[in-house]
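So you can see what is in the structure, the chains are spelled out below.
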Amino acid sequence: MIHLTDWPYIPNEDLDKWGSKACNLGRLIHTGMYSVPQGIVITPDVDLDELFEKTAPEYWFNIHEFKRLDTHESTYAVRSSGLAEDGDVSSYAGQHDTFLNVEACNLREAIEACRASGVKAEAYREAKGEAEQGIAVLVQKMVSPIMSGVTFTSDPFTMDLNTYVIEYTNGLGDKLVSGEVNPDGSYEVNGLTGKFTPSLNTDEWEDGSTAATMEYYRRSSLCTVYNECKNVQKEFGVPMDI
């Protein structure tokens, strides 16, 4: 088990142990430019009996200070970081299970289920001609978003490298990225000019009402998302979905 904030990013070494997703999050944390939820990585070879006997989950996220977390308020996201997932060749999007709002007392069950969900990707692996490599598991502090979604830094439909696509929904975005619901909003952004389509003019909403304030926040947040994702693409040097 290792904290996302602990390791220096070593592409060839860490990738084979933690998977692309965990390595990429660690890389973003080490830039100091991005807000990434605190988390730990459990590699495929970790014995869960030993892990849970050695350290209670309540201490995982403040292990250096050995301070107990308030587990009545803290919940967690348990996510896969398959060793072949989110790579240059295969994404494994939607192939493994994710568990949200997991309480500390249920973490072991969620980690085991996340590991076991690797069998669901068997047909995907066979189609790609890839062997089973195991699943590292990410456990991160849960956030409560006002809205969330996905950004493609190149248009996934036209393959236009200069067009960003941002889709979002209110609240958590898990049902959006799994295709269960349609987005509450969708925008294309010109990557050269930053122009949104439909238009995104934050100056139109400044009359002081609650509705206007929320709309201004929404539009300002979308501008921030675009700028952050543009920086992420620069960091990695290839089109990304974030």
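Starting from 1, residues in each chain are numbered consecutively following that chain's sequence as written. Whole-chain, interface and lining totals are the exception, using all residues; otherwise, since this is a predicted model, local features are given only for residues with pLDDT of at least 70 and side-chain atom pairs are given and counted only at 80 or more. With hydrogens and water excluded, all non-hydrogen atoms of the structure serve as input to the side-chain values.

Student: Lay out the pairing of strand β5 (residues 135-141) with the relevant residues and their values.
Tutor: With a 1.4 Å probe rolled over the protein chains alone, any residue whose accessible area is under 20% of its type maximum counts as buried; one over 50% counts as exposed, and the rest are partly exposed. Strands are runs of DSSP state E lasting at least two residues, helices are runs of H or I lasting at least four, and both sets are numbered from the N terminus onward. Buried residues dominate β5, accounting for 6 of its 7 residues. At least two bridges found by DSSP between two strands is the condition for calling them paired. Examined bridge by bridge, strand β2 (residues 39-42) and β5 share 4 bridges and lie antiparallel to one another. Within β5, the residue paired with Val 41 across the bridge is Leu 138. Bridge analysis of strand β3 (residues 76-82) against β5 gives 7 bridges, and the strand direction is antiparallel. Directly across from Ala 77, in β5, lies its bridge partner Gln 140.

Student: An account of a nonpolar patch on the surface is requested, with residue identities and associated values reported.
Tutor: For patch building, the residue pool is restricted to those with more than 30% relative accessible area and no salt bridge; the joining distance is 9 Å between like charges and 5 Å between nonpolar side chains (Val, Leu, Ile, Met, Phe, Trp, Tyr). Using a 1.4 Å probe, accessible areas were evaluated by the Shrake-Rupley method; residue-level cover was limited to the displayed protein chains. Salt bridges are identified by distance alone: a Lys or Arg side-chain nitrogen within 4 Å of an Asp or Glu carboxyl oxygen. Residues Ile 146, Met 214 and Tyr 217 make up a contiguous nonpolar surface patch of about 300 Å² in total accessible area. Mapped onto the secondary structure, Ile 146 falls in the loop between β5 and β6 (147-152). The partly exposed category is assigned to Ile 146, whose relative accessible area is 47%.

Student: Residue-level account of the sheet that holds strand β1 (residues 2-3), with values.
Tutor: Pairing within the open sheet is antiparallel, and its 5 strands lie in the order β1-β2-β5-β3-β4. Both edges of this open sheet fall to β1 and β4 (99-102), since each of them pairs with a single strand only.

Student: Explain the sheet that holds strand β9 (residues 196-197) to me, and be specific about the residues and the numbers.
Tutor: Through backbone hydrogen bonds, the strands of a sheet pair up, either in parallel or in antiparallel fashion. Spatially, 4 strands are ordered β6-β7-β8-β9 in an open sheet, and the strand pairing comes out antiparallel. Pairing within the sheet leaves two strands with one partner each, and these edge strands are β6 and β9. In the sheet, strand β8 (residues 185-190) pairs with β9 via 2 bridges, with the strands oriented antiparallel. Counterpart to Val 189 in the pairing with β9 is Phe 196.

Student: Please set out the nonpolar core residue by residue, giving values where relevant.
Tutor: Side-chain atoms within 4.5 Å link the members of a nonpolar core, which is a set of buried Ala, Val, Leu, Ile, Met, Phe, Trp, Tyr and Cys residues. Ile 42, Trp 60, Val 78, Ile 111 and Val 139 are the most contacted members of the largest nonpolar core, which totals 18 residues. Elements with a minimum of two residues in this core: β2, α2 (48-54), β3, α3 (107-116) and β5. With 4 residues, the single largest contributor to this core is α3. Counting 16 residues, the second largest nonpolar core, distinct from the first, contains Trp 18, Leu 25, Val 232 and Phe 236.

Student: Any chance you could break down the pattern of salt bridges for me, citing the residues and the numbers?
Tutor: Enumeration according to the criterion identifies 3 salt bridges in this entry. A salt bridge links Asp 49 to Arg 108; the nearest nitrogen and oxygen atoms lie 2.6 Å apart. Of this pair, Asp 49 sits in helix α2 while Arg 108 is found in helix α3, placing the two residues 59 residues apart along the sequence. Judged by relative accessible area, which is 40%, Asp 49 ranks as partly exposed. What makes Arg 108 partly exposed here is its relative accessible area of 27%. Sharing partners across several salt bridges, the network here consists of Asp 49, Arg 108 and Glu 112.

Student: Explain the confidence of the model for the protein chain residue by residue, including any values.
Tutor: For every residue, the pLDDT score states the predictor's confidence, bounded by 0 at the bottom and 100 at the top. In the predicted model, the protein chain carries a mean pLDDT of 78, and the fraction of residues at 70 or more is 71%. Low pLDDT, under 50, characterises residues 63-72; the predicted model gives this stretch 17 contacts beyond four residues in sequence or across chains. The contact criterion used is simple: two residues touch if any of their non-hydrogen atoms lie within 4.5 Å.

Student: For the packing of aromatic side chains, give the residues involved together with the corresponding values.
Tutor: Pairing of aromatic rings covers Phe, Tyr and Trp, the last through its six-membered ring, and needs centres within 6.5 Å; plane angles under 30 degrees mean stacked, over 60 mean edge-to-face, and all others mean tilted. Throughout the structure, instances matching the rule amount to 3 aromatic pairs. An angle of 75° between the planes, with centres 5.1 Å apart, marks the rings of Tyr 164 and Tyr 226 as edge-to-face. Taken together, the residues span a long stretch of sequence, with Tyr 164 in strand β7 (residues 163-170) and Tyr 226 in helix α6 (residues 210-236) at a distance of 62 residues. Overall, Tyr 164 belongs to the buried group, its relative accessible area being 3%. Judged by its relative accessible area of 5%, Tyr 226 falls in the buried class. Seen from their ring centres, Phe 196 and Tyr 226 are 6.1 Å apart, and the 75° between their planes marks the pair as edge-to-face. With Phe 196 in strand β9 and Tyr 226 in helix α6, this pair connects stretches of sequence that are 30 residues apart. Members of the aromatic cluster, connected to one another through ring pairs, are Tyr 164, Tyr 187, Phe 196 and Tyr 226.

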